[in-house]
Amino acid sequence: MAISKSRGHVVINTEECKGCELCIEACPSDVLFLSDKFNTHGYHPSAYKGDACTGCGICFYTCPEPGAITVFKRWDLMTETAACSHCGGDYKVFHTDEKPDVLICTNCLKPIKDSQ
Ligand code: SF4
Ligand code: SF4
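Remember, it's a predicted structure, so these values are computed and weren't measured experimentally. (Residues numbered from 1 in each chain as written. Chains lettered and ligands numbered in written order. Predicted model: local features only at pLDDT ≥ 70, side-chain atom pairs only at ≥ 80, totals over all residues.)

1. Considerations on the overall build of the chain
Part 1: Across its full length, the chain holds two helices and seven strands.
Part 2: For the chain, the α and β elements follow one another from N to C terminus as β-α-β-β-α-β-β-β-β.
Part 3: Against the globule reference of 13 Å for 116 residues, the chain gives a C-alpha radius of gyration of 14 Å, in line with a compact fold.
Part 4: Taking all 116 residues of the chain together, the buried fraction comes to 22%.
Part 5: Sequence separation of 24 or more characterises 52% of the internal contacts of the chain that already satisfy a separation of 6 or more. (Helix = DSSP H or I, 4+ residues; strand = E, 2+ residues; numbered from the N terminus. Rg over C-alpha atoms; globule rule 2.2 N^0.38 Å. Buried ≥ 20, exposed ≤ 12 C-beta atoms within 10 Å, placed from the backbone. Contact = placed C-beta atoms within 7 Å.)

Below, the structure is given as structure tokens:
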């Protein structure tokens, strides 16, 4: 995915999504849609159009499935990137308070190296 300059960014965990479409209906920016692909549970997951998310968080609070939606509120200020061994490319990364020395890939939400 091309690097977006939008203020916000949203990542859908396709395996946790049940395709209920509540986030799609709730998004004031109309940047979510239902994918035509299936996840392993047989649902069409929600997906991000890739641009114009404001980071408002409404989709996150609307979603009934814990862990299905991650919102980055200041995507435009996140500049650190690293190569992710899972995704096979360079993506923005972030740290958590729990493990500040571990870099998490914003594309797959996993540590960028299997060994971490
Ligand atoms: S954070 Fe707001 S703008 Fe971004 S996808 Fe969710 S509801 Fe839409
Ligand atoms: S609200 Fe949650 S479960 Fe429903 S489509 Fe959106 S991400 Fe999937």
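2. Overview of the site of ligand 2
Part 1: Not every one of the 15 residues close to ligand 2 is listed here, only the nearest: Cys17, Cys20, Cys23, Ser46 and Cys63.
Part 2: Partitioned by chemical class, the residues of the shell around ligand 2 number nine nonpolar, three polar and three charged. (Near = placed C-beta within 6 Å. Nonpolar A, V, L, I, M, F, W, Y, C, P; charged D, E, K, R; others polar.)

3. With respect to the sheet that holds strand S5 (residues 81–84)
Part 1: Strand order in this open sheet of three strands is S5-S6-S7, and the pairing throughout is antiparallel. At either margin of the open sheet sits one strand with a lone partner, and together these are S5 and strand S7 (104–105).
Part 2: The pairing of strand S6 (residues 89–94) with S7 spans two bridges and is antiparallel. Looking across to S7, one finds that Phe94 is bridged to Ile104. (Pairing = 2+ DSSP bridges.)

4. Notes on the environment of Asp76
Part 1: Considering the arrangement of structural elements, one finds Asp76 in the loop between strand S4 (69–72) and S5.
Part 2: When the C-alpha atoms of Asp76 and Ile24 are compared, they prove to be 22 Å apart, with 52 residues separating the residues in sequence.
Part 3: In this structure, Asp76 is in contact with Lys5, Ser6 and Arg7, ignoring residues within four places of it in sequence.

5. Some words on the nonpolar core
Part 1: In this structure, Val10, Ile12, Cys23, Leu32, Tyr48, Cys59 and Ile69 are the most contacted members of the largest nonpolar core, which totals 13 residues.
Part 2: Not counting residues within four places of it along the chain, the set of residues in contact with Ile69 comprises Val10, Ile12, Cys23, Cys59, Phe60 and Cys63.
Part 3: Cys84, Tyr91, Ile104 and Ile112 belong to the second largest nonpolar core, which has six residues in total. (Core = buried A, V, L, I, M, F, W, Y, C linked by C-beta atoms within 7 Å.)

6. A short note on the domain arrangement of the chain
One widely used convention gives an interface's size as the accessible area the parts lose upon coming together.
Part 1: Domain parsing of the chain yields domain 1 (9–76) and domain 2 (79–116).
Part 2: Centre-to-centre separation of domain 1 and domain 2, based on C-alpha positions: 20 Å. (Domains from an automatic or database assignment.)

7. Some points on unusual backbone geometry
Part 1: In this structure, Ala52 takes a positive phi of about 80° despite not being glycine.
Part 2: Residue Ala52 is classed as partly exposed on the basis of its 14 C-beta neighbours within 10 Å.
Part 3: For Leu109, which is not a glycine, the phi torsion comes out positive at approximately 65°.
Part 4: Within the secondary structure, Leu109 sits in the segment after S7.
Part 5: A tally of 13 C-beta atoms within 10 Å means that Leu109 is categorised as partly exposed.

8. A word on the environment of Ser6
Part 1: Along the chain, Ser6 falls in the segment before strand S1 (9–12).
Part 2: Separated by 44 residues in the primary sequence, Ser6 and Gly50 have C-alpha atoms spaced 9.1 Å apart.
Part 3: Those residues in contact with Ser6, other than ones at most four positions away along the chain, are Asp51, Ala52, Cys53, Trp75 and Asp76.

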